[in-house]
Amino acid sequence: MNFLRGVMGGQPAGPQPTGAETIHKLCDRVASSTLLEDRRDAVRALKSLSKKYRGEVGTQAMEHLIHILQTDRSDSEIIGYALDTLYNIISNDGEEEEQDGASSGPGKQSSKPVSEESSHKQSDDLGTQFTEIFIKDQENVTLLLSLLEEFDFHVRWPGVKLLTALLKNQCPQVQGVILVSPMGVSRLMDLLADSREVIRNDGLLLLQQLTKGNAAIQKIVAFENAFERLLDIITEEGNSDGGIVVEDCLLLLQHLLKNNSSNQNFFKEGSYIQRMKPWFEVGDDNSGWSAQKVTNLHLMLQLVRVMVSPVNSPGATSSCQKSMYQCGLLQQLCTILMATGVPADILTETINTVSEVIRGSQVNQDYFASVNAPSNPPRPAIVVLLMSMVNERQPFVLRCAVLYCFQCFLYKNQKGQGEIVATLLPSTIDANSISAGQLLCGGLFSTDSLSNWCAAVALAHALQDNLTQKEQLLRVQLATSLGNPPVSLLQQCTNILSQGDKISRRGSKVQTRVGLLMLLCTWISNCPIAVTHFLHNQANIPFLTGQISENLGEDERLVQGLCALLLGICIYYNDNSLENYTKEKLKQLIEKRIGKENFVEKLGFVNKHELYSRAAQKPQPTFSSPEQMLFDHEFTKLVKELEVVITKTVHKSSEEEKKEEEVKKTLEQHDSIVTQYKELIREQDTQINELKEQVSSLKAQNEQMQATAAQQLSQIQQHKDQYNVLKLKLGKDSQQLGAPAEGTHVNGLQSEELGRLREEVDDLRKQQDLLQAQLSEKDALIDSLKSGAASPMEGSSGSSAENSVDLLKELEALRSQVQSQAAEISQLQAQRQELLKRVESPSEQAKSSSESRVGLEQQLATANSTVAILQNEKAKLQQEVAESKKEQDDLLMLLADQDQKILYLKSRLKELGESIEDEDDLDARDQLEDEDEDDDDDEEEEDADED
């Protein structure tokens, strides 16, 4: 143990062994020691060296440590040391000095210092290598899972940490082993129920690593009641006011629910959404939020968004939105939205969460429209949010969140779109209050380019897929300056784009112009009236053609592409109401001034832009800086839809246009003919349905009448039967006793049935006589057996007497059975006599109804079954009597032989002068005589009972 003292204790004199030599000796001791204490001390020493000499311990001792886990499971202390040692060599979470020690340990040839980044990378590589060695044999992971079942703290806790480290280093491989291990996931779920908080908390970290990116394990964990346990822990820890344990639970819930529709459905159906409401019960005093509370609430909001994310299936999202409204969760979120003192990042995330809770849900959108801010006077929440959006002093992420909220409020909400546009119309403008329309117009023409873009996109969403509101917005008039006549909103937007001096004053940034162009494209698409209004301004088309034909810089190419898109919309949705700007003339203008190929090339600049692809991915506007806000998600859909049709329209010649128009006219004629036939078919379908209804009603009436007729026929038949019965009752008894003619009735029974009953009664009488004779024979046989067994027993020995007594008891039991059968037969005789009386007295039977006949038949059937049962029992009794008789004969032979022996012995005793009888023989004989007398008394009593 000197080398152990050198490691654990003081320094002995002489040259000191290196770390590698010490580890080698310790490994030899672990492998060769027979005493458990020696192995335990060696493993403890390896544990102390495993952090400093990580590579050496892992290389030399891993195999021995695994062997310890397999063979020394009875000793929790050595198992704990082995698990701690394996954790130290596999885990990459060591401190910087530990990593430095590992990199500069024995065996390293590098002489120059290693940088911090390089040391960390080497440490990660070392942990990954040791993890691969450990999990190469899958039984090692299975062994580790079995060790987690141990309740001992010194085994369970290091086992949890070791398995967590393995998952961090080689997650997919370890997940695969755990997935195929029987009850593997269930064992890990038991960690959440551990009463020791440190194990429970580390179990949460383990499950976080286990559920990363593995849908199968996520489903198993969810169905192991994980949601219930995690929500209970969050409640116990104080919801959003809890510590880091709440954060770990929320992260695990996100892993289980994100991109997993099965778990989301299970979470919703388990009524767990209702349990999320207390998370957001924030008090009036919102000052002094701790960093942990901010983190917890941020994760809680993200968890709500996971359930209603736009990437989920529409049905699942709609169901979750409905549940959140019904349980009051949406109302709670709106309370936080309008509260004061809420941190900026929580407010931003709350706005995003409310956005997705109301997106596409009419009920939720209506509720959000009714929410008012706690101000004096109260203002709608939408107005308050729009004020923040167009305020350039507000944080950028907050303004993006408000824009997203406004977009979600208007998504598939024609009612909300109409309310927003109505605030811009002259008849609904209130000069004493600020409306949403006024804020949007103010942002649209402000000097802040980001406000211009946000207001243009918000107004475009108010027109999305709503032809009515596009036409209504054409009525909006703006007062530009004193003394000048008002101009329409459409003209003002085009003026800002076309007039260079106003562009220079209001900012020539690309962001403003892109926003206005997106608004115009959305506005006039699929709206010929809006196209006519746009073309009516003589300056618009020259401006667009000039912008497209110029050779501008890289930044302006996007504007050129949007101008080409706007011009293409003017061609595609043109109703040719303006003579100067018909489809054909606009196409000729493009061919002369721009060129078709050049036009298509400029149009293609839009969808090739980098920011276009980013905006097309998801509805939420997520930008790292204001300059990147150029495209809207819904606008990318419009571009994708229109680019192909505009390209085809531009390339078509006039002849093709004429042919298409002719084809359209022909199709319209065909459509009109088809419409007429459809109307005719509808009328015929209506008539057919009416006739079907009449037929069904007539069928019902017919069935009812048939049922009534059948009922009446049955009543008539009953009356006939009653008449026949009365007629028979009035007849004479002699006629009933005589031979009835064929087809006549006696007491409701035909003559054939009466004859059959008499034959059955005769058969029963014969069977009764036969059974009585057999019983008599049986009684005689039993009496003869008793008389024959009594005489030899008088001279038998004690053992023979006992056997004879047993035999007599058996015979008595048989006799009792026979007597019970005789009693049943006598009862059957009484039933037979009663049947005979009923059959032989027809005058009395004539008074009974048809039910008495059924009763007689049932009683006869019962009697027949009873006779059959008695016959079976009689056969069994005969067999038993025969066996008893055979046994009695054998016993008599044995008794005879024994009597001969007894006589011989008596004669020998007489010759020798001994006494012939001893006391035992006398007692036995007396006992037999007493028993015989008792048996005779019993027989006399039984005979008396029978008489």
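These numbers come from a predicted model, not from an experiment.

K.L.:
Would you mind going over the overall build of the chain in detail, with residue names and values included?
P.N.:
Secondary structure assignment for the chain yields 43 helices and six strands. By the burial criterion, 44% of the 947 residues in the chain qualify as buried. For the chain, the exposed area adds up to about 50200 Å²; of that, 50% sits on carbon and sulfur atoms.

K.L.:
Can you break down the side chain of T211 residue by residue, with the values?
P.N.:
The residue T211 is located in the loop between α12 (197-210) and α13 (215-237) in this model. Only 2.8 Å separates the side chain of T211 from the backbone oxygen of L207, close enough to count as a polar contact.

K.L.:
Can you break down the pattern of salt bridges residue by residue, with the values?
P.N.:
Two side chains with opposite charge may pair up if their charged atoms get near one another. In total, this model carries 20 salt bridges according to the counting rule given. Linking R39 and D72 is a salt bridge whose minimum nitrogen-to-oxygen distance equals 3.1 Å. You can see R39 sitting in helix α3 (residues 36-49) and its partner D72 sitting in the loop between α4 (54-71) and α5 (76-90), a full 33 residues away along the chain. For R39, a relative accessible area of 13% gives the class buried. Since its relative accessible area comes to 9%, D72 is described here as buried. The residue E634 makes a salt bridge to K637 at a minimum N-O spacing of 3.6 Å. Taken together, the residues E634 and K637, both in helix α36 (residues 633-651) and three residues apart, mark about one turn of the helix. On the basis of relative accessible area, E634 is assigned to the buried category, the value being 9%. Assessed through its relative accessible area of 41%, K637 is described here as partly exposed. One network of salt bridges, with partners in common, ties together R40, D75 and E77.

K.L.:
Please provide a residue-by-residue account of the side chain of S181, values included.
P.N.:
By the element assignment, S181 lies in the loop between α10 (171-180) and α11 (184-189). When sequence neighbours within four positions are dropped, the list of residues in contact with S181 reads T142 and L145.

K.L.:
I'd love a proper account of the packing of aromatic side chains, names of residues and values included.
P.N.:
According to the stated counting rule, one finds twelve aromatic pairs in the structure shown. On the numbers, 5.1 Å between centres and 90 degrees between planes, the contact of F227 with F267 is edge-to-face. Highlighted residues: F227 in helix α13 and F267 in helix α15 (residues 261-269), separated in sequence by 40 residues. Like F227, the residue F267 is buried in the burial classification. Over the ring of Y87 we find K161; its NZ or CZ atom is 5.1 Å from the centre of that ring. When the ring centre of F151 is taken as reference, the NZ or CZ atom of R196 above it lies at 3.9 Å.

K.L.:
I'd like to hear about the environment of D84, residue by residue, with values.
P.N.:
By the element assignment, D84 lies in helix α5. Judged by relative accessible area, which is 16%, D84 ranks as buried. Those residues in contact with D84 that sit more than four places away from it in its chain are K47, P158 and K161. Polar side-chain contacts of D84 include one of 3.4 Å to the side chain of K47.

K.L.:
Please set out a nonpolar patch on the surface residue by residue, giving values where relevant.
P.N.:
A grouping of I673, Y677, L680 and I681 is seen on the molecular surface, where their side chains present a nonpolar patch of about 390 Å² in accessible area. Following the sequence through the fold, I681 ends up in helix α37 (residues 654-729). Taking relative accessible area as the criterion, I681 reaches 45% and is therefore assigned partly exposed.

K.L.:
Explain the packing of helix α2 (residues 19-32) against α4 to me, using residue names and the numbers behind them.
P.N.:
Helix-helix packing is characterised by the crossing angle of the two axes and by the distance between the axes. In contact at an axis separation of 10 Å, α2 and α4 are set at 10 degrees when each is read in the N-to-C sense. On the basis of the axis angle, α2 is roughly parallel to α4. Across the interface between the two elements, A20, I23, H24, C27, V30 and A31 from α2 touch E56, V57, Q60, A61, H64 and I68 from α4. Looking at the contact of α2 with α4, its residues break down into eight nonpolar, three polar and one charged.

K.L.:
Outline the packing of helix α14 (residues 244-257) against helix α16 (residues 291-307), supporting the account with residue identities and numerical values.
P.N.:
Between α14 and α16, the least distance of the axes is 9 Å, while the angle of their chain directions is 15 degrees. Of the possible angle classes, the one that applies to α14 and α16 is roughly parallel. Once α14 is placed against α16, the crossing between them reads as left-handed. Here α14 contributes I244, V246, E247, L250, L251, L253, Q254 and L257 to the contact with α16, which in turn contributes Q292, T295, N296, L299, M300, Q302, L303, V306 and M307.

K.L.:
Go over helix α9 (residues 153-169), please, and point to the residues and values.
P.N.:
Taking 1.5 Å per residue as the helical rise, α9 with its 17 residues ought to reach 24 Å, and the 25 Å between its terminal C-alpha atoms agrees with that figure. Counting buried positions over the 17 residues of α9 gives twelve, a clear majority of the element. Those residues of α9 that fall on the buried side of the exposure criterion are V155, R156, P158, G159, V160, L162, L163, T164, A165, L166, L167 and N169. Near the N-terminus of α9, the side chain that reaches the backbone nitrogen of H154, with its oxygen 2.8 Å away, is that of D152.

K.L.:
Run through unusual backbone geometry, naming residues and quoting values.
P.N.:
Generally, phi is negative for residues other than glycine and the peptide bonds are trans, each holding for most cases. Here the phi dihedral of M183 falls at roughly 60 degrees; this positive angle occurs in a residue that is not glycine. Checked against the element boundaries, M183 lands in the loop between α10 and α11. Since its relative accessible area comes to 56%, M183 is described here as exposed. The phi dihedral of D465 is positive, around 55 degrees, even though this residue is not glycine. Residue placement: D465 occurs in the loop between α25 (449-462) and α26 (467-473).

K.L.:
Break down the environment of L256 for me, with residues and values.
P.N.:
One can find L256 in helix α14. Taking the relative accessible area as the measure of exposure, L256 reaches 0% and is therefore buried. For the pair L256 and A222, spaced 34 residues apart in sequence, the C-alpha to C-alpha distance is 7.0 Å. What L256 contacts, discounting residues up to four positions off in sequence, is T211, Q218, V221, A226, F227, L230 and N263.

K.L.:
Which residues make up a negative patch on the surface, and what values go with them?
P.N.:
Side chains of E880, E883, E887, D889 and D890 sit close together on the surface and give a patch of like negative charge. Relative to the helices and strands, D890 resides in helix α42 (residues 850-912).

K.L.:
An account of the state of the cysteines is needed here, citing residue identities and associated values.
P.N.:
Evaluated as defined, the whole model comprises zero disulfides. No disulfide involves C521; its nearest neighbouring cysteine sulfur is the one of C563, lying 8.4 Å away. Accessibility expressed as a relative area gives 1% for C563, which makes it buried.

K.L.:
Let's hear about the confidence of the model for the chain: which residues, and what values?
P.N.:
Of all residues in the chain, 75% attain a pLDDT of 70 or more, and the chain-wide mean is 79. When the criterion is pLDDT under 50, residues 95-115 qualifies, and its contacts beyond four places in sequence or with other chains add up to 24 contacts.

K.L.:
Which residues make up α2, and what values go with them?
P.N.:
Here α2 is 14 residues long and its end C-alpha atoms lie 20 Å apart, about the 20 Å a rise of 1.5 Å per residue gives. The complete set of buried residues in α2 reads G19, T22, I23, L26, C27 and V30. Around the axis of α2, the buried residues are gathered within 135 degrees of arc, so they sit on the same side. In α2, the exposed positions that point more than 90 degrees away from the buried face belong to A31 and S32.

What counts and how
- Residues numbered from 1 in each chain as written.
- Predicted model: local features only at pLDDT ≥ 70, side-chain atom pairs only at ≥ 80, totals over all residues.
- Heavy atoms only, no water.
- Helix = DSSP H or I, 4+ residues; strand = E, 2+ residues; numbered from the N terminus.
- Buried < 20%, exposed > 50% of the residue type's maximum accessible area, 1.4 Å probe, protein only.
- Areas by Shrake-Rupley, 256 points an atom, 1.4 Å probe, with all protein chains shown as cover.
- Polar contact = N/O pair within 3.5 Å; in protein donor to acceptor, adjacent residues only side chain to side chain.
- Salt bridge = Lys/Arg side-chain N within 4 Å of Asp/Glu carboxyl O.
- Contact = heavy atoms within 4.5 Å.
- Phe/Tyr/Trp six-rings, centres within 6.5 Å; stacked < 30°, edge-to-face > 60°.
- Lys NZ or Arg CZ within 6 Å of the ring centre and 35° of its normal.
- Patch = residues over 30% accessible without salt bridge, like charges linked within 9 Å, V, L, I, M, F, W, Y side chains within 5 Å.
- Axes fitted to C-alpha atoms, helices over the stretch in contact; angles between N-to-C directions.
- Parallel < 35°, antiparallel > 145°, perpendicular 65-115°, else oblique.
- Nonpolar A, V, L, I, M, F, W, Y, C, P; charged D, E, K, R; others polar.
- Left-handed = near helix turned anticlockwise from the far one by under 90°.
- Expected span 1.5 Å × (residues − 1).
- Lys, Arg positive; Asp, Glu negative; His and termini not counted.
- Charge placed at Lys NZ, Arg CZ, Asp CG, Glu CD.
- Disulfide = S-S within 2.5 Å.
- pLDDT = per-residue confidence, 0-100.
- Arc of directions from axis to C-beta.

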